[in-house]
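Here are the chains, one letter per residue:
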Amino acid sequence: MNTRTKLAIAAGAAIWMVPILKAFAGIDITAGDWKVDFAGNVNAFYVGASCDDGTNTAVTGGLACTGDHSAAVRNGLLPAALVFSATTRQSDFDIDVTIGFYPGINSSAAAGVNGAGQPSALATPGIDARQVYFTFGDASWGTVKLGRDIGIFGKDAILDDMTLLGVGTAGPTNVAPSNTSLGRIGIGYIYTDWEPQITYTTPTYNGFSASAGLFQPLDTPGYTSHNSPQFQAGGSYAWGDPKTDTLTGKVWIDVVTQELKANSAAIAGDNAAGVTTSFRGTEFDAGVKIDYAAFEGVLYGYDGKGVGTTGLYVLPTSVSGQKRKSDGGYVQGTYKFDKLKVGLSYGLSDLKLADDENPGQVNANPLLLKRNESGVLGLYYSLTKSVTLVGEYIYSKAKAWGGDSATEKDYAIGGIIFF
């Protein structure tokens, strides 16, 4: 796999947005039996965020900003990236090792490079080392991956999000920017994340391919004991050749599932208090992408229970451990006029109350998020084969089950370069 394609998968470089990027593949060096490749991107945007400064704007899990308006010069949905890859063929195996460093341009707080930023004097950005893995395999039987990399569930949703080259929803952290904006994370899809994993991917058979893997199980508050892995799997079918065919496309389906348990020290107290001591969270997604001449359309959706919203196993249950249902998706259309691509996108993410959280129940939760939604108008101009200039307008809204809501209006202007 060439490094340009690898970077698209790993870092989310939306090559379909700027097809000419396929013409080059980073910086190659041959050293003995190994081919070494460096590739990456740098981006920066001016983002103005108009936040809701009214009353009744409290939404637990809401992604629209509240309070003072903010201005920032920041990264977009992609952080900057420097990806190192080395490949070779040994004993009938294709071998690849990849290490990716993702520095932001904004200063980081002590909480971490993807937490709230720290826009103050004498501060410095952090490095998000989200990619460390190796693979071995062969075209005849597939590939095994071991290490830390992007997940399977929700991967295509973010790779096909047009705001990947831009900003999307800036969210509550625009006043103190972290490494990335939200794009459609939590507003159309659950973030796939970068997780320790052992996965297997089949060869492609007449357009069909599949992946499955064991992943590091994740915590959620109250449930931090794990004696079984997280499992993710997905399958896809692609048709057409972008180089020769007017109509091309892809359909896919994925699943993530994990059992989450309270640790042994908490189980006795939880049982006495009527709190569920374990639960299984499972989510499915599916999508389709169609390219016809200069038009591209994407339709994506997800549905499940006990997985939560925005990130995997974020807000998955009530305080008593009753599972919440979550679903959502987005629809997107883009059209390319020579070097200019114009796109429209609308997405939403819903979170349902658990059985014990409805009005009148013991754990009634009127401030819990009911829906995050946004609409995006994007303009993406290929200044050169490496540089894309971006302009976006984004309207976002968060609504709670009790009626509170907040709206956010963002505009973003900037650019991104791939090498």
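Residues numbered from 1 in each chain as written. Predicted model: local features only at pLDDT ≥ 70, side-chain atom pairs only at ≥ 80, totals over all residues. Heavy atoms only, no water.

Attention now goes to the overall build of the chain. Scanning the chain from N- to C-terminus turns up three helices and 20 strands. By the burial criterion, 50% of the 419 residues in the chain qualify as buried. Look at the contacts in the chain between residues 6 or more apart in sequence, and 66% of them connect residues 24 or more apart. If the 30 positive side-chain charges of the chain are averaged to one point and the 39 negative ones to another, these points end up 3 Å apart. (Helix = DSSP H or I, 4+ residues; strand = E, 2+ residues; numbered from the N terminus. Buried < 20%, exposed > 50% of the residue type's maximum accessible area, 1.4 Å probe, protein only. Contact = heavy atoms within 4.5 Å. Lys, Arg positive; Asp, Glu negative; His and termini not counted. Charge placed at Lys NZ, Arg CZ, Asp CG, Glu CD.)

A few words now on the state of the cysteines. Scanning all chains against the criterion turns up one disulfide. Here Cys-51 engages in a disulfide with Cys-65; their sulfurs sit 2.1 Å apart. Where Cys-51 bonds to Cys-65 through sulfur, the torsion about that S-S bond is close to -100°, and the disulfide is left-handed. Within this pair, whereas Cys-51 is found in the loop between β2 (34–50) and β3 (70–74), its partner Cys-65 is found in the loop between β2 and β3, the two being separated by 14 residues in sequence. Look at Cys-51 and you get buried, because its relative accessible area is 7%. (Disulfide = S-S within 2.5 Å.)

Time to look at the side chain of Asn-106. Within the fold, Asn-106 resides in the loop between β5 (93–103) and β6 (108–109). Polar contacts involving the side chain of Asn-106 include one to the main-chain carbonyl oxygen of Val-73, which spans 2.9 Å. A distance of 3.4 Å separates the side chain of Asn-106 from the backbone nitrogen of Asn-75, its partner in a polar contact. Aside from chain neighbours lying at most four places away, what touches Asn-106 is Val-73, Arg-74, Asn-75, Pro-125, Pro-177 and Ser-178. (Polar contact = N/O pair within 3.5 Å; in protein donor to acceptor, adjacent residues only side chain to side chain.)

Where strand β14 (residues 278–292) lies against strand β15 (residues 295–305), eleven bridges are found, and the strand directions are antiparallel. Within β15, the residue paired with Thr-282 across the bridge is Lys-305. Bridging between β15 and strand β16 (residues 325–337) involves eleven bridges; their strand directions are antiparallel. Bridging from a neighbouring strand, Leu-299 pairs with Val-331 of β16. (Pairing = 2+ DSSP bridges.)

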